[in-house]
Amino acid sequence: ALLASLPPAIREASHEPPDACALIFALLLDRRDEVVREKQLGQVKDIFGGEMSAATLRLSDLVAELDPRAKLPLADLAVGSLRRMAREQFDSFIRLLESLAAADEHIDLFEYSLSKLVIRHLESHFTKQRAKTAQVYSLKRLGHECSVLISSLAYAAGSDEDSVRAAYQAGVSQLSAETEIGQLPVGECGLEELDKALTSLSGVSPKLKRQLVQSAAATVSEDGCLQIQEAELLRAISDSLGCPMPPLSIELEEAA
């Protein structure tokens with residue numbers, strides 16, 4: 001269904017490594033600020049050349065017309081082609097991906113989710129990392145990390161103090177009683193803090209990962225409406241924990 005909804009040029013671009021690279025760059029291209037967009041295109045040109053920069057600009061017009069719910073699943077489709085790029089290109093691709101996301105000196109939820117999804121799936125292919133053996137079988141000593149996870153999601157899901165608190169409580173209810181956590185101020189659970197927490201939580205046992213994913217899902221769906229940015233963040237978190245989710249976002253209600 002997703003493939004059928006895509007313009008032919010977008011569908012074809014996801015099949016070949018060079019065009020798949022341009023497609024990912026196009027997803028990160030700033031559509032609101034011309035200065036930032038020109039800076040990003042310059043970054044693409046400096047690292048991958050003028051043809052890649054031109055392809056990125058060309059695809060950006062098509063990407064801008066896509067249903068927002070299809071953008072993250074589209075990146076997922078492109079990952080298969082990106083695995084066929086040369087090893088030396090991979091390092092440059094990752095550096096550029098991070099630079100494009102940070103070009104406006106602010107990484108939003110979509111940029112964070114896209115970067116986490118793409119980097120995680122490519123790193124496991126190109127670096128040939130051994131599967132990590134679970135080292136942690138209790139969340140008791142990871143209370144702070146759990147607090148960051150649930151609080152971050154609650155702020156993404158809630159629109160006011162009461163809804164944030166309700167979302168937080170819904171997430172907490174899915175964790176074992178021995179996990180001592182507390183709701184953190186918004187300034188203590190940004191994307192950088194969330195990233196650090198997920199790095200620590202990725203080493204827990206499969207049983208605990210299931211508990212964390214259930215807790216995360218309960219947090220963002222407490223109000224009965226899972227919006228696009230909530231679903232994208234949930235996918236990024238699940239991916240980071242080694243529990244990838246299907247592209248459910250194409251079935252969601254578009255955020256107002």
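Residues numbered from 1 in each chain as written. Predicted model: local features only at pLDDT ≥ 70, side-chain atom pairs only at ≥ 80, totals over all residues. Heavy atoms only, no water.

Colleague: Would you explain the packing of helix 3 (residues 17-28) against helix 6 (residues 68-82) in this entry?
Modeller: Between two packed helices, what matters for the description is the angle formed by their axes and the separation of those axes. Here helix 3 crosses helix 6 at 150 degrees, and the two axes come no closer than 9 Å. Compared by their axis directions, helix 3 and helix 6 come out roughly antiparallel. For the element pair helix 3 and helix 6, the recorded crossing hand is left-handed. Contact with helix 3, carried on its side by Pro17, Ala20, Cys21, Leu23, Ile24 and Leu27, involves Lys71, Leu74, Ala75, Ala78, Ser81 and Leu82 of helix 6 and no other residues of that element. For the contact of helix 3 with helix 6, the class distribution of residues is 10 nonpolar, 1 polar and 1 charged. (Axes fitted to C-alpha atoms, helices over the stretch in contact; angles between N-to-C directions. Helix = DSSP H or I, 4+ residues; strand = E, 2+ residues; numbered from the N terminus. Parallel < 35°, antiparallel > 145°, perpendicular 65-115°, else oblique. Left-handed = near helix turned anticlockwise from the far one by under 90°. Contact = heavy atoms within 4.5 Å. Nonpolar A, V, L, I, M, F, W, Y, C, P; charged D, E, K, R; others polar.)

Colleague: Looking at this model, I keep getting lost on the packing of aromatic side chains. Mind explaining?
Modeller: Two descriptors summarise a pair of aromatic rings, namely the distance from one centre to the other and the angle between the planes of the rings. In the structure shown here, the tally under the stated rule is 3 aromatic pairs. Here phenylalanine 90 and phenylalanine 126 contribute two aromatic rings whose centre-to-centre distance is 4.6 Å and whose plane-to-plane angle is 15 degrees, an arrangement assigned as stacked. Here phenylalanine 90 is found in helix 7 (residues 87-101), whereas its partner phenylalanine 126 is found in helix 8 (residues 109-126), with 36 residues between them in sequence. For the pair phenylalanine 90 and phenylalanine 126, a shared accessibility class is recorded, and that class is buried. (Phe/Tyr/Trp six-rings, centres within 6.5 Å; stacked < 30°, edge-to-face > 60°. Buried < 20%, exposed > 50% of the residue type's maximum accessible area, 1.4 Å probe, protein only.)

Colleague: Where do I start with the confidence of the model for the chain in this structure?
Modeller: Close inspection of predicted coordinates is inappropriate in any region flagged by low pLDDT. For the chain, per-residue confidence averages 89 on the pLDDT scale, and residues scoring 70 or more make up 93% of the total. Within the model, the stretch residues 249-256 combines pLDDT values under 50 with 21 contacts to residues more than four positions away or in other chains. (pLDDT = per-residue confidence, 0-100.)

Colleague: I would appreciate a short explanation of the nonpolar core in the present structure.
Modeller: It is characteristic of soluble globular proteins that their nonpolar side chains tend to be buried jointly. Within the largest apolar cluster, 39 residues are counted, with the highest numbers of intra-cluster contacts made by Ile24, Leu82, Phe93, Val118 and Leu122. For this core, the elements supplying multiple residues, two or more each, are helix 2 (8-13), helix 3, helix 5 (50-63), helix 6, helix 7 and helix 8. With 9 residues, helix 3 is the largest single contributor of residues to this core. Here phenylalanine 93 is in contact with Cys21, Ile24, Phe25, Phe48, Leu82, Met85, Val118 and Leu122, once residues within four sequence places are set aside. Counting 33 residues, the second-largest nonpolar core is a separate cluster that includes Leu153, Leu194, Leu212 and Met245. (Core = buried A, V, L, I, M, F, W, Y, C linked by side-chain atoms within 4.5 Å.)

Colleague: What is the right way to read helix 6 from this model?
Modeller: Because an α-helix packs 3.6 residues into every turn, residues spaced three or four apart end up facing the same way. Look at helix 6: 22 Å from first C-alpha to last across 15 residues, which is about the 21 Å you get at 1.5 Å a residue. If you check which residues of helix 6 are buried, you get Ala70, Leu72, Pro73, Leu74, Ala75, Ala78, Val79, Ser81 and Leu82. (Expected span 1.5 Å × (residues − 1).)

Colleague: Looking at this model, I keep getting lost on the pattern of salt bridges. Mind explaining?
Modeller: Oppositely charged side chains may form a pair once their charged atoms are brought near each other. Across all of its chains, the model carries 7 salt bridges by this definition. With its nearest N and O atoms 3.6 Å apart, the salt bridge here joins glutamate 16 to arginine 84. Of this pair, glutamate 16 sits in the loop between helix 2 and helix 3 while arginine 84 sits in the loop between helix 6 and helix 7, and the two are 68 residues apart along the sequence. For lysine 116, the salt bridge goes to aspartate 195, with nearest N and O atoms at 2.8 Å. On the criterion of sequence distance, the pair formed by lysine 116 in helix 8 and aspartate 195 in helix 11 (residues 191-201) is long-range, its members being 79 residues apart. Under the relative-accessibility criterion, lysine 116 is labelled partly exposed at 22%. In this structure aspartate 195 comes out as partly exposed when scored by relative accessible area, which is 28%. (Salt bridge = Lys/Arg side-chain N within 4 Å of Asp/Glu carboxyl O.)

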